[in-house]
Amino acid sequence: MQRLLDTINKKFSLQTDIDPAKPKNKKNENEEKNKVPGRDSQYRKLKTFIDKTAKSGKGDSLYICGPPGTGKSLTLTTLSKNLSTKKYKPIYINCMQFNQPIKIYIEIYRKLENLVSTKKGVNESLDLIESKYFYDFDNKEEEGMEKHSDKNENEKKTMWVKYREYEIDILIEKFSNILYRIFEWPTKDSSKLILFGIANDLGLVQKSLPRFAKIGMEIEVLHFKPYTEEEILKIFHHRIDLVFKEYKLKEEDQKEQLFEPETLEMISKQLSVNGCDIRKAFDVIRRLVTLKFEKYIENADSNDSLDEDPDEVIEFKSPGEYFFSMDLVQDVLAEFFECKIVSNMKSLPLQAQIILFSSFLPVLNYETLYKSYKSQCSIINFPLMEKADFGLSIDSIISNGLMKIESGKKIALLFSKEQLISAFKSSIIFDPLLEELNNL
Ligand SMILES: Nc1ncnc2c1ncn2[C@@H]1O[C@H](COP(=O)(O)OP(=O)(O)OP(=O)(O)O)[C@@H](O)[C@H]1O
Ligand SMILES: [Mg+2]
């Protein structure tokens, strides 16, 4: 039990690799397997961009933009690991690490040249970078210099520059000239640089684009939106597969006994509605592990040894018993989201609150919900809304993250019976409805 919990904790920790257990640099042959779950389309677009640029023999640049925890770094890291090391040399620069932004040139020079350290100053570094890698043929000839011949002519430099969203104005001011200069490098005749600028906020990108447009440079932008429910589920299953690979659990039915059905869907739904950083999804699972462990310690016989046989394979006691039960998952979700859900429920108008009480139906859509709402109103002698107002109330419930419209006009609930009860347990108006709910 403890070893399984440890493995889950480890595999749901924040890692920069898609599968850290896989030997590094064994790329290409495994490329299909090493795609980033939930980020297929962005991965493909980046790959196509790199391939297209490689074919052209020139450099190019692209902006990547998306809120924190949307897989920007992971997708680029995975992609760079799948690129041939003979042809590409990925370089990563984080603008925020420099107190003096101008020092970024020293770091770029150091990384381009594979140096452990360098004593070169800013100007010297910049001169060397631009005279060796990124120059226009005309200028070189004018200066009477020979065209530099790199021993590895085909090598492309792939560079990512990352900047953060906060203090945009200060940042733009501090970095703008540097960023423009860097973004000009891929346009130079000699350049084979593929440059990715990464930012959290589209504002930063939009602020700098007009200046590029003015000088005739069009920079493509690739968006990383917060993960959808389906994408979060894919990420969960990918990590669970890693757990099973390490834990050597082969039986499909054992996999199915890890999470009670619908629990992962519930967690994913909750996370996607809140549009959150994927790191929070891992926090939820690690919290589940902690609670499970606490329960295990609580229930363990004091004579039981907590040390385990490393080859032991976990045995689930009986069919229908789950390692992570719905109850446990609901407890954790309550810890993470309850405050927001409960306060959103409480802030809704009364009519919308009655709709919440009407929504525990086997088939939930506008029609069935309206019918049920009518009967709930009659129980508490409350006047009925017109259908049009009913529609507006549903919209506000949805915008409060409590319901979601799914395909086929089905409605999905994003709150549980227990959460509804806890929000209104002291309300006299809803007393009869609460009683009904308790008997469901
Ligand atoms: N699709 C995914 N599958 C598995 N793990 C993921 C996925 N996306 C992100 N992660 C994990 O979540 C964490 C955050 O992801 P990542 O660093 O790629 O986000 P980011 O968009 O670069 O965020 P930031 O803007 O804060 O830099 C990392 O540990 C990463 O491994
Ligand atoms: Mg990142």
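Residue indices follow the written sequence of each chain, beginning from 1 at its first position. The lettering of chains begins at A and the numbering of ligands begins at 1, in the order of writing. Whole-chain, interface and lining totals are the exception, using all residues; otherwise, since this is a predicted model, local features are given only for residues with pLDDT of at least 70 and side-chain atom pairs are given and counted only at 80 or more. Only hydrogens and water are removed before side-chain values are computed, so all heavy atoms of the structure are retained for them.

Undergrad: Honestly, the packing of helix 15 (residues 366–379) against helix 16 (residues 387–399) in this entry has me stumped. Any pointers?
TA: The axes of two packed helices give the description: the angle between them and the distance between them. Running from N to C, helix 15 and helix 16 cross one another at 105°; their axes reach a closest spacing of 12 Å. Considering their axes alone, helix 15 and helix 16 lie roughly perpendicular with respect to each other. Across the interface between the two elements, Y366, E367, L369, Y370 and Y373 from helix 15 touch K387, F390, G391, I394 and D395 from helix 16. Amino acids are sorted into nonpolar (Ala, Val, Leu, Ile, Met, Phe, Trp, Tyr, Cys and Pro), charged (Asp, Glu, Lys and Arg) and polar (every other residue, Gly among them). Classifying every residue of the contact of helix 15 with helix 16 by side-chain character gives six nonpolar, one polar and three charged. Only the stretch in contact is used when a helix axis is fitted, and all axes are lines through C-alpha atoms; the angle between N-to-C directions ranges over 0 to 180 degrees. Helix and strand labels come from DSSP, where a helix needs a run of H or I of at least four residues and a strand needs a run of E of at least two; each type is numbered from the N terminus. Should an angle fall under 35 degrees it is called roughly parallel, over 145 degrees roughly antiparallel, and 65 to 115 degrees roughly perpendicular, with every other angle called oblique. When checking whether two residues touch, look at their non-hydrogen atoms; a contact exists if any pair is within 4.5 Å.

Undergrad: Is there a simple way to explain the pattern of salt bridges in this structure?
TA: Pairing is possible between side chains of opposite charge, provided their charged atoms come close. For salt bridges, the criterion is a side-chain nitrogen of Lys or Arg within 4 Å of an Asp or Glu carboxyl oxygen. All chains considered together, the criterion is met by 16 salt bridges. Between K132 and E113 there is a salt bridge whose closest N-O contact spans 2.9 Å. Taken as a pair, K132 in helix 5 (residues 122–132) and E113 in the loop between helix 4 (104–112) and helix 5 lie far apart in primary sequence, 19 residues in all. Type-normalised accessible area, obtained with a 1.4 Å probe on protein chains alone, sets the label of each residue: buried when under 20%, exposed when over 50%, and partly exposed for intermediate values. The partly exposed category is assigned to K132, whose relative accessible area is 28%.

Undergrad: Help me understand helix 5 in this model?
TA: Count 3.6 residues to each turn of an α-helix, and residues three or four apart come out pointing the same way. Buried residues of helix 5: V122, S125, L126, I129 and E130, and no others. Projected down its long axis, helix 5 shows its buried positions confined to an angular sector of 120°, all on one face. Exposed side chains of helix 5 directed beyond 90 degrees from the buried face belong to N123 and D127. The arc in question is the one spanned by the directions pointing from the helix axis to the C-beta atoms.

Undergrad: Would you take a moment to explain the packing of aromatic side chains for this structure?
TA: How two aromatic rings sit relative to each other is set out by the distance from centre to centre and by the angle between their planes. Note on aromatic pairs: the rings of Phe, Tyr and Trp (six-membered ring only in Trp) are paired at centre separations within 6.5 Å, and the planes decide the class, stacked below 30 degrees, edge-to-face beyond 60, tilted for the rest. Counted under the stated rule, the structure contains 16 aromatic pairs. Where F323 meets F324, the ring centres are 5.0 Å apart and the plane angle is 75°; that geometry is what we call edge-to-face. The exposure class of F324 is buried, given its relative accessible area of 0%. Two conditions define a charge sitting above a ring: the NZ of Lys or the CZ of Arg must be within 6 Å of the ring centre, and it must be within 35 degrees of the ring normal. Over the face of the ring belonging to F282 we find R239, whose NZ or CZ atom lies 4.2 Å from the ring centre. Against the face of F323 rests K292, its NZ or CZ located 4.7 Å from the ring centre.

Undergrad: Just checking my understanding: could you explain the pairing of strand 4 (residues 193–199) for this structure?
TA: The two faces of a sheet get side chains in turn, since along a regular strand they alternate between them. Most of strand 4 is tucked away, with seven of its seven residues classed as buried. On strand 4, burial covers both faces: L193, L195, G197 and A199 on one face and I194, F196 and I198 on the other are all buried. One requirement defines pairing of two strands: DSSP has to find at least two bridges between them. Here strand 1 (residues 60–65) pairs with strand 4 via six bridges, running parallel. Across the sheet, the residue bridging to I64 is I198, located in strand 4.

Undergrad: Where do I start with the packing of helix 9 (residues 229–247) against helix 12 (residues 279–299) in this structure?
TA: Viewed as axis vectors pointing N to C, helix 9 and helix 12 meet at an angle of 50°, and their least axial separation amounts to 11 Å. Between helix 9 and helix 12, the angle falls in the class oblique. Considering how the two elements wind past one another, helix 9 and helix 12 form a crossing that is right-handed. When helix 9 is examined against helix 12, the residues I232, I235, F236 and R239 are found in contact with a partner set consisting of A281, F282 and I285. Partitioned by chemical class, the residues of the contact of helix 9 with helix 12 number six nonpolar, no polar and one charged. The handedness criterion is simple: a crossing whose near helix is rotated anticlockwise from the far helix by less than a right angle is left-handed, and one whose near helix is rotated clockwise is right-handed.

Undergrad: Would you mind showing me how to read the nonpolar core here?
TA: In globular proteins that are soluble, nonpolar side chains generally tend to be buried together. In plain words, nonpolar cores are sets of buried Ala, Val, Leu, Ile, Met, Phe, Trp, Tyr and Cys residues tied together by side-chain atoms within 4.5 Å. Counting 67 residues, the largest nonpolar core has I8, I267 and F324 as its most contacted members. Where a domain begins and ends is set by an automatic assignment or by a domain database. Counting the residues that make up this core, at least three belong to each of domain 1 (1–14 + 228–337) and domain 3 (348–440). If we ignore the near neighbours within four places in the chain, the residues touching I8 are V243, L258, I285, V289, F323 and F324.

Undergrad: Got a minute to help me understand unusual backbone geometry in this structure?
TA: Most peptide bonds adopt trans geometry, and most residues besides glycine take a negative phi value. The phi angle at N114 is positive, at roughly 60°, despite the residue not being glycine. The backbone phi angle of K409 is positive, close to 60°, even though this residue is not glycine. Topologically, K409 is positioned in the loop between strand 6 (403–405) and strand 7 (411–413).

Undergrad: So what exactly am I meant to see when it comes to the environment of L433 here?
TA: Considering the arrangement of structural elements, one finds L433 in helix 18 (residues 431–438). Taking the relative accessible area as the measure of exposure, L433 reaches 1% and is therefore buried.

Undergrad: Which parts of the structure should I look at to understand the side chain of E107?
TA: Summarising the element assignment, E107 is placed in helix 4. Residue classification places E107 among the buried residues on the basis of a relative accessible area of 15%.

Undergrad: What's the story with the environment of E406 in this structure? I'm lost.
TA: Summarising the element assignment, E406 is placed in the loop between strand 6 and strand 7. For E406, a relative accessible area of 30% translates into the label partly exposed. Expressed as a C-alpha distance, the spacing of E406 and N365, which sit 41 residues apart in the sequence, is 9.5 Å.

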